[in-house]
Amino acid sequence: DEFWPEEADAGRNNLNNLASALRKSLRPAGYDNVDYLIRAGATLEFNRGLPVWVDAVNFLSAAAQTDLAQRRQAVQLYRGPFLDSCYMDWAIALRDRLEVTARQCLGQLLDDLVSGQRFQEVVEQANRLLELDPCCQQTHAHLMQAFIQLKRPEAAVRQFEICQKALLRELSMEPSIALLELHQRARLSLA
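Bear in mind that the values here come from a model prediction, so they are computed numbers and not experimental data.

### Some details on the pairing of strand 1 (residues 37-40)
- One ladder, built from 4 bridges, connects strand 1 with strand 2 (residues 43-46); its direction is antiparallel. Within the sheet, the bridge partner assigned to Ala40 lies in strand 2 and is Thr43.
- Adjacent in sequence and paired antiparallel, strand 1 and strand 2 are bridged by 2 residues, among which Gly41 carries a positive phi angle near 70°.

Now the structure itself:
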(Lines give C-alpha, C1' and ligand atoms only; values in the text may rest on other atoms or scores of the structure.)
Protein backbone atom coordinates (compact mmCIF):
# COMPACT_ATOMS: atom_id res chain seq x y z
CA ASP A 1 0.00 0.00 0.00
CA GLU A 2 2.89 2.36 0.76
CA PHE A 3 4.57 1.92 -2.62
CA TRP A 4 1.51 1.32 -4.85
CA PRO A 5 -1.51 2.86 -3.03
CA GLU A 6 -3.88 2.92 -6.01
CA GLU A 7 -3.14 -0.45 -7.50
CA ALA A 8 -3.67 -3.21 -4.94
CA ASP A 9 -3.40 -6.17 -7.33
CA ALA A 10 -0.59 -4.62 -9.39
CA GLY A 11 1.16 -3.67 -6.16
CA ARG A 12 0.97 -7.25 -4.88
CA ASN A 13 2.41 -8.50 -8.17
CA ASN A 14 5.17 -5.88 -8.06
CA LEU A 15 5.98 -6.86 -4.47
CA ASN A 16 6.15 -10.55 -5.38
CA ASN A 17 8.44 -9.78 -8.35
CA LEU A 18 10.70 -7.62 -6.17
CA ALA A 19 10.76 -10.27 -3.44
CA SER A 20 11.81 -12.88 -5.99
CA ALA A 21 14.57 -10.61 -7.32
CA LEU A 22 15.73 -9.89 -3.75
CA ARG A 23 15.85 -13.58 -2.91
CA LYS A 24 18.06 -14.24 -5.93
CA SER A 25 20.31 -11.26 -5.19
CA LEU A 26 20.77 -12.08 -1.52
CA ARG A 27 21.28 -15.84 -1.93
CA PRO A 28 24.97 -16.77 -1.66
CA ALA A 29 26.34 -18.60 -4.70
CA GLY A 30 26.01 -22.34 -4.36
CA TYR A 31 23.44 -22.18 -1.51
CA ASP A 32 20.10 -22.80 -3.21
CA ASN A 33 18.39 -23.70 0.07
CA VAL A 34 19.39 -20.46 1.87
CA ASP A 35 16.70 -17.79 1.81
CA TYR A 36 17.28 -14.40 3.40
CA LEU A 37 13.73 -13.26 2.63
CA ILE A 38 10.89 -15.35 4.08
CA ARG A 39 7.12 -15.08 4.08
CA ALA A 40 5.56 -14.84 7.54
CA GLY A 41 1.80 -14.91 7.14
CA ALA A 42 0.86 -11.91 5.01
CA THR A 43 4.24 -10.22 5.45
CA LEU A 44 7.76 -10.60 4.17
CA GLU A 45 10.72 -10.35 6.51
CA PHE A 46 14.41 -11.06 6.68
CA ASN A 47 15.36 -14.48 7.97
CA ARG A 48 16.70 -13.66 11.43
CA GLY A 49 18.39 -17.04 11.65
CA LEU A 50 20.96 -16.07 9.03
CA PRO A 51 23.91 -13.71 9.50
CA VAL A 52 23.25 -10.18 8.27
CA TRP A 53 25.67 -7.29 7.91
CA VAL A 54 24.05 -3.85 7.59
CA ASP A 55 26.35 -0.93 6.83
CA ALA A 56 24.13 1.66 8.56
CA VAL A 57 23.97 -0.40 11.77
CA ASN A 58 27.73 -0.99 11.76
CA PHE A 59 28.35 2.69 10.95
CA LEU A 60 26.29 3.84 13.96
CA SER A 61 28.01 1.31 16.20
CA ALA A 62 31.51 2.35 15.12
CA ALA A 63 30.64 6.07 15.29
CA ALA A 64 29.54 5.67 18.92
CA GLN A 65 33.04 4.51 19.92
CA THR A 66 35.73 6.90 21.15
CA ASP A 67 38.62 4.88 19.74
CA LEU A 68 40.42 6.47 16.77
CA ALA A 69 40.40 3.21 14.80
CA GLN A 70 36.64 2.85 15.28
CA ARG A 71 36.06 6.43 14.11
CA ARG A 72 38.13 5.73 11.03
CA GLN A 73 36.07 2.61 10.37
CA ALA A 74 32.84 4.59 10.78
CA VAL A 75 34.05 7.26 8.36
CA GLN A 76 34.93 4.57 5.81
CA LEU A 77 31.47 3.01 6.14
CA TYR A 78 29.64 6.27 5.45
CA ARG A 79 29.28 6.50 1.66
CA GLY A 80 26.72 9.28 1.35
CA PRO A 81 23.03 9.96 1.89
CA PHE A 82 20.90 6.96 2.84
CA LEU A 83 18.28 6.14 0.17
CA ASP A 84 18.81 9.57 -1.37
CA SER A 85 15.83 9.41 -3.72
CA CYS A 86 13.36 8.04 -1.14
CA TYR A 87 11.17 10.69 0.49
CA MET A 88 9.24 8.58 2.96
CA ASP A 89 9.31 9.96 6.49
CA TRP A 90 11.21 7.00 7.95
CA ALA A 91 13.90 7.24 5.24
CA ILE A 92 14.30 11.00 5.65
CA ALA A 93 14.61 10.64 9.43
CA LEU A 94 17.23 7.89 9.14
CA ARG A 95 19.10 9.76 6.39
CA ASP A 96 19.25 12.89 8.59
CA ARG A 97 20.39 10.87 11.62
CA LEU A 98 23.14 9.14 9.65
CA GLU A 99 24.38 12.40 8.14
CA VAL A 100 24.45 14.20 11.51
CA THR A 101 26.32 11.25 13.01
CA ALA A 102 28.77 11.24 10.07
CA ARG A 103 29.47 14.97 10.52
CA GLN A 104 30.01 14.53 14.26
CA CYS A 105 32.24 11.50 13.77
CA LEU A 106 34.31 13.25 11.09
CA GLY A 107 34.62 16.32 13.33
CA GLN A 108 35.86 14.20 16.24
CA LEU A 109 38.25 12.33 13.95
CA LEU A 110 39.62 15.64 12.67
CA ASP A 111 40.18 16.89 16.21
CA ASP A 112 42.08 13.67 17.00
CA LEU A 113 44.18 13.96 13.82
CA VAL A 114 45.02 17.62 14.47
CA SER A 115 46.02 16.78 18.06
CA GLY A 116 48.22 13.97 16.73
CA GLN A 117 49.69 16.31 14.08
CA ARG A 118 48.68 13.93 11.28
CA PHE A 119 48.21 16.75 8.81
CA GLN A 120 48.06 14.74 5.59
CA GLU A 121 45.14 12.77 7.03
CA VAL A 122 43.58 16.03 8.21
CA VAL A 123 43.51 17.22 4.60
CA GLU A 124 41.77 14.04 3.45
CA GLN A 125 39.16 13.92 6.22
CA ALA A 126 38.52 17.68 6.24
CA ASN A 127 37.67 17.54 2.55
CA ARG A 128 35.19 14.73 3.25
CA LEU A 129 33.56 16.76 6.01
CA LEU A 130 33.36 19.84 3.81
CA GLU A 131 31.41 17.79 1.27
CA LEU A 132 28.77 17.31 3.98
CA ASP A 133 28.99 20.80 5.47
CA PRO A 134 30.73 23.35 3.23
CA CYS A 135 30.18 26.14 5.76
CA CYS A 136 31.84 24.54 8.80
CA GLN A 137 34.42 27.13 9.77
CA GLN A 138 36.18 24.81 12.21
CA THR A 139 36.78 22.32 9.40
CA HIS A 140 38.11 25.05 7.10
CA ALA A 141 40.40 26.14 9.96
CA HIS A 142 41.71 22.60 10.45
CA LEU A 143 42.35 22.32 6.73
CA MET A 144 44.13 25.68 6.54
CA GLN A 145 46.23 24.78 9.57
CA ALA A 146 47.16 21.45 7.96
CA PHE A 147 48.19 23.19 4.73
CA ILE A 148 50.34 25.64 6.67
CA GLN A 149 52.01 22.78 8.59
CA LEU A 150 52.58 20.89 5.33
CA LYS A 151 54.37 23.97 3.90
CA ARG A 152 51.57 24.61 1.42
CA PRO A 153 50.51 28.18 2.31
CA GLU A 154 49.11 28.80 -1.19
CA ALA A 155 46.60 25.97 -0.60
CA ALA A 156 45.66 27.54 2.74
CA VAL A 157 45.00 30.88 1.01
CA ARG A 158 42.86 29.12 -1.61
CA GLN A 159 40.98 27.29 1.14
CA PHE A 160 40.23 30.58 2.86
CA GLU A 161 38.81 31.95 -0.38
CA ILE A 162 36.65 28.83 -0.84
CA CYS A 163 35.38 29.21 2.72
CA GLN A 164 34.72 32.92 2.30
CA LYS A 165 32.65 32.32 -0.86
CA ALA A 166 30.68 29.45 0.72
CA LEU A 167 29.87 31.47 3.83
CA LEU A 168 28.78 34.48 1.80
CA ARG A 169 26.69 32.42 -0.64
CA GLU A 170 25.04 30.11 1.92
CA LEU A 171 24.85 32.17 5.10
CA SER A 172 25.56 35.79 4.06
CA MET A 173 28.33 36.04 6.62
CA GLU A 174 32.05 36.66 6.83
CA PRO A 175 34.71 34.21 8.09
CA SER A 176 35.58 34.14 11.79
CA ILE A 177 38.53 35.99 13.29
CA ALA A 178 40.34 32.64 13.71
CA LEU A 179 40.07 32.02 9.95
CA LEU A 180 41.23 35.56 9.19
CA GLU A 181 44.28 34.98 11.41
CA LEU A 182 45.09 31.70 9.64
CA HIS A 183 44.67 33.45 6.29
CA GLN A 184 47.13 36.14 7.37
CA ARG A 185 49.63 33.50 8.58
CA ALA A 186 49.38 31.71 5.24
CA ARG A 187 49.88 34.91 3.28
CA LEU A 188 52.93 35.81 5.40
CA SER A 189 54.36 32.36 4.67
CA LEU A 190 54.14 33.07 0.95
CA ALA A 191 56.47 36.05 1.18
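Here the narrative resumes.
### Focus: the packing of aromatic side chains
- Throughout the structure, instances matching the rule amount to 2 aromatic pairs.
- On the basis of an interplanar angle of 40° and a centroid distance of 5.5 Å, the ring pair of Phe59 and Tyr78 is categorised as tilted. Taken as a pair, Phe59 in helix 2 (residues 55-63) and Tyr78 in the loop between helix 3 (68-77) and helix 4 (89-115) lie far apart in primary sequence, 19 residues in all. Comparing Phe59 with Tyr78, the two get one shared label, buried.
- Pairing Phe82 with Trp90 gives two aromatic rings, centres 6.5 Å apart and planes at 70°, and the pair type is edge-to-face.
- Among the residues examined, Phe82 registers a relative accessible area of 23% and is labelled partly exposed.

### Section: helix 2
- Every buried residue belonging to helix 2 is among Ala56, Phe59, Leu60, Ala62 and Ala63, and all of these are buried. Down the axis of helix 2, the buried set is contained in an arc of 165°. They therefore lie on one face.
- Each element contacted by the buried residues of helix 2 is listed here: helix 3 and helix 4.

### Things to note about the nonpolar core
- Judged by nonpolar contacts, the single largest core of 40 residues is most densely connected at Phe59 and Val122.
- Taken together, the elements giving at least two residues each to this core come down to helix 2, helix 3, helix 4, helix 5 (119-132), helix 6 (137-149), helix 7 (153-171) and helix 8 (177-190).

Quick notes on the rules
Residues numbered from 1 in each chain as written. Predicted model: local features only at pLDDT ≥ 70, side-chain atom pairs only at ≥ 80, totals over all residues. Heavy atoms only, no water. Pairing = 2+ DSSP bridges. Helix = DSSP H or I, 4+ residues; strand = E, 2+ residues; numbered from the N terminus. Phe/Tyr/Trp six-rings, centres within 6.5 Å; stacked < 30°, edge-to-face > 60°. Buried < 20%, exposed > 50% of the residue type's maximum accessible area, 1.4 Å probe, protein only. Arc of directions from axis to C-beta. Contact = heavy atoms within 4.5 Å. Core = buried A, V, L, I, M, F, W, Y, C linked by side-chain atoms within 4.5 Å.

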